[in-house]
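Now for the letters of each chain:
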Amino acid sequence: MKFAVYTKWYWKNSVPSPAELQANMNKSVSGDTTAEDVIWWKIDENHHQSLIIYPSEKIAEEEMAKRQVKREKSSTDNDIVLVEEFMGPIMSRLTEL
């Protein structure tokens, strides 16, 4: 069963442009995860949310320590704070991710 990790982040100096956010994702996530997809979106001037889709809970748990190290670096580098995080199995979906 696929597994999702949702987060919400606060940017003290405002969420960067889509191009900058994509560059940030490419630097911090790309090529170093077994996630099937990572989606980030802006909700207001100071917050973005993310959704990470893993093939299973086991794989999500295996990457947890690596994710935490990246979060600490990103928090320091970008002056951002993790506001909330929820994790759980994907129960249904409209499309294949």
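Residues numbered from 1 in each chain as written. Predicted model: local features only at pLDDT ≥ 70, side-chain atom pairs only at ≥ 80, totals over all residues. Heavy atoms only, no water.

For the chain, an unreviewed UniProt entry supplies the name DUF3303 domain-containing protein and the organism SAR324 cluster bacterium.

## Side note on the sheet that holds strand β1 (residues 3-11)
What links the strands of a sheet is backbone hydrogen bonding, and the strands pair in either a parallel or an antiparallel sense. As a reminder of what qualifies: A pair of strands is labelled paired if DSSP reports no fewer than 2 bridges between them. Helix and strand definitions follow DSSP, with helices as H or I runs of at least four residues and strands as E runs of at least two, each counted in order from the N terminus. For helices, the fitted axis covers only the stretch in contact; all axes are lines through C-alpha atoms, and the angles between them, taken along N-to-C directions, range from 0 to 180 degrees. Note on definitions: a residue-residue contact is assigned when non-hydrogen atoms from the two residues lie within 4.5 Å.
The strand order β2-β3-β1-β4 describes an open sheet built from 4 strands, whose pairing is antiparallel. Since the sheet does not close on itself, it has two edges, and those belong to β2 (37-44) and β4 (80-89), each with one partner. Across the sheet, the mean angle from the axis of one strand to that of its neighbour is 15°, orientation sign disregarded. Pairing analysis gives 7 bridges linking β2 to strand β3 (residues 47-54), with the strands arranged antiparallel. In the strand pairing of β3, aspartate 44 is matched with histidine 47. Strands in contact with helix α1 (residues 18-28) are β1 and β2; relative to β2, the strand with the most contacts, it is inclined by about 145°. Its contacts with the sheet place helix α3 (residues 64-78) against β1, β3 and β4, and it is angled at close to 155° to β4.

## Here we look at the pairing of β1
Stated formally: When a residue's accessible area, from a 1.4 Å probe over protein chains only, is under 20% of the maximum for its type it is buried; when over 50% it is exposed; and in between it is partly exposed.
Summarising burial for β1: 7 of the 9 residues are buried, a large majority. Taken together, the 8 bridges between β1 and β3 define a ladder with antiparallel strand orientation. Note on β3: the bridge partner recorded for phenylalanine 3 is tyrosine 54. Where β1 meets β4, 9 bridges bridge the pair, whose relative direction is antiparallel. Counterpart to tryptophan 9 in the pairing with β4 is leucine 82.

## Points about the nonpolar core
Here is a general trend for soluble globular proteins: nonpolar side chains tend to be buried in one another's company. Heads up, the condition is: Joining through side-chain atoms within 4.5 Å is the link that ties buried Ala, Val, Leu, Ile, Met, Phe, Trp, Tyr and Cys residues into a set, and such a set is a nonpolar core.
Phe3, Val5, Met25, Val29, Ala35, Val38, Ile52, Tyr54 and Ala60 together form the largest nonpolar core, which totals 9 residues. For alanine 35, the residues in contact, after removing those within four places along its chain, are Ile52, Ile53, Tyr54 and Glu63. Core analysis: the next-biggest nonpolar cluster, separate from the first, contains 5 residues, Trp11, Val15, Leu21 and Ile80 among them.

## Quick word on unusual backbone geometry
Phi is positive for serine 14, which is not a glycine, with a value near 80°. With respect to the helices and strands, serine 14 occurs in the loop between β1 and α1. Among the residues examined, serine 14 registers a relative accessible area of 31% and is labelled partly exposed. Backbone geometry places aspartate 79, a non-glycine residue, at a positive phi of 55°. Tracing the chain through its elements places aspartate 79 in the loop between α3 and β4. The class for aspartate 79 is partly exposed, based on a relative accessible area of 35%.

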